[in-house]
Amino acid sequence: MDELIYSRLLKNSQERKEDAKRFTFQRYLLNEVARAPAETHAGIYGLRGIGKTILLLQLANMKENSFYFSADADYLKNDELYEVLRFISARGYRQIFVDEIHVRKDWTGALKTVYDEGLAKVFFSGSSSLELKSGADLSRRAILHYLKPLSFREFLAIKKGFPRLRKVSPKDLFDPRARGKFAMSHSRYSAFMGDYLEFGGLAFPSDEPETFRALGSN
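I will try to describe carefully the structure that is included in this document. Quick caveat, the model's predicted, so the values are computed rather than measured.

Describing the overall build of the chain
Link 1 in the chain: The helix and strand inventory of the chain stands at eleven helices and five strands.
Link 2 in the chain: Split into buried and exposed, the 218 residues of the chain put 43% on the buried side.
Link 3 in the chain: Residue pairs at least 24 apart in sequence account for 80% of intrachain contacts in the chain once pairs closer than 6 positions are excluded.

Here's what the structure looks like:
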């Protein structure tokens, strides 16, 4: 990778990390991935549109010496992923965040070599669970985390702007008095259940229902 491509990557990394600061809502998986052992890579997989990229960028903003890029960037198609990671780590970045890593055929070998050479810790994401979970020889080098679709509580906070609601315990649901009190205090949210069931699982669904369903089937 040459300096021109690196400069373009660096500029994009800085802009994307800065832009991500406007997303203040943190999904449930953020802190778990942030606490991943220092000696292993950390991967996030799940449906398209559920917030993996934002989560990666939020993590990048939590870490020092962090660098973000997307593996599917067209201007990286002639560079091997390992060489990109090596080039970035050689410039002092020890926390590298790679989005959509599964699009690169050489991704497992690249992560393995980066790990074995101690170049950097890599946080990565992918929409294809099969591609990530079947990664070659990464069992001791990477921990994979599954990001679920939005819960109804997250949907109300992210898409409708309501304060984050507290979790309800099964014990409360089986207690008639507690259940009745909960139903009365939360009845206004029932009006949004239809929207949630149709589109709410994804943080950024398409406005076209067929496109949304196609994304969910991948």
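Considerations on the pattern of salt bridges
Link 1 in the chain: Taken as a whole, this structure holds eleven salt bridges when the rule is applied.
Link 2 in the chain: Note that Glu3 and Arg91 form a salt bridge whose closest N and O atoms lie 2.7 Å from each other. Separated by 88 residues along the polypeptide, Glu3 in helix H1 (residues 3–20) and Arg91 in the loop between helix H4 (81–89) and strand S3 (95–99) bring together distant segments of the chain.
Link 3 in the chain: Residue Asp74 is joined to Lys77 by a salt bridge in which the shortest nitrogen-to-oxygen separation is 3.9 Å. Both residues of the pair, Asp74 and Lys77, belong to the exposed class.
Link 4 in the chain: Because the salt bridges share partners, they merge into one network encompassing Lys112, Asp116 and Arg141.

So, the nonpolar core
Link 1 in the chain: Phe69, Leu85, Ile88 and Val98 are the most contacted members of the largest nonpolar core, which totals 29 residues.
Link 2 in the chain: Breaking this core down by element, the ones donating at least two residues are H1, strand S2 (66–70), H4, S3, helix H5 (107–117) and strand S4 (121–126).
Link 3 in the chain: With six residues, H4 is the single largest residue contributor to this core.
Link 4 in the chain: Filtering out sequence-adjacent residues up to four positions away, Ile88 remains in contact with Tyr6, Leu9, Phe67, Phe69, Tyr93 and Ile96.
Link 5 in the chain: Listed in part, the 19 residues of the second largest apolar core include Ile50, Leu55, Phe123 and Leu202.

Conventions and cut-offs
- Going along each chain's sequence as written, the residues are numbered from 1 onward.
- For this predicted model, a pLDDT threshold of at least 70 governs which residues receive local features, and a threshold of 80 or more governs which side-chain atom pairs are given and counted, while totals over whole chains, interfaces and linings are taken from all residues.
- Side-chain descriptors were evaluated using all non-hydrogen atoms of the structure, hydrogens and water having been removed beforehand.
- Think of it this way: any DSSP run of H or I at least four residues long counts as a helix, any run of E at least two long counts as a strand, and we number them from the N terminus.
- Under the scheme applied here, a residue whose accessible area is under 20% of the maximum for its type counts as buried, over 50% as exposed, and between as partly exposed, the area being computed with a 1.4 Å probe on protein chains only.
- Should any heavy atoms of two residues lie within 4.5 Å, those residues are counted as being in contact.
- Salt bridge, as applied in this entry: a Lys or Arg side-chain nitrogen positioned within 4 Å of an Asp or Glu carboxyl oxygen.
- What makes a nonpolar core is a set of buried Ala, Val, Leu, Ile, Met, Phe, Trp, Tyr and Cys residues whose side-chain atoms join them at distances within 4.5 Å.

Everything listed is a geometric property; what it means functionally is a separate question.
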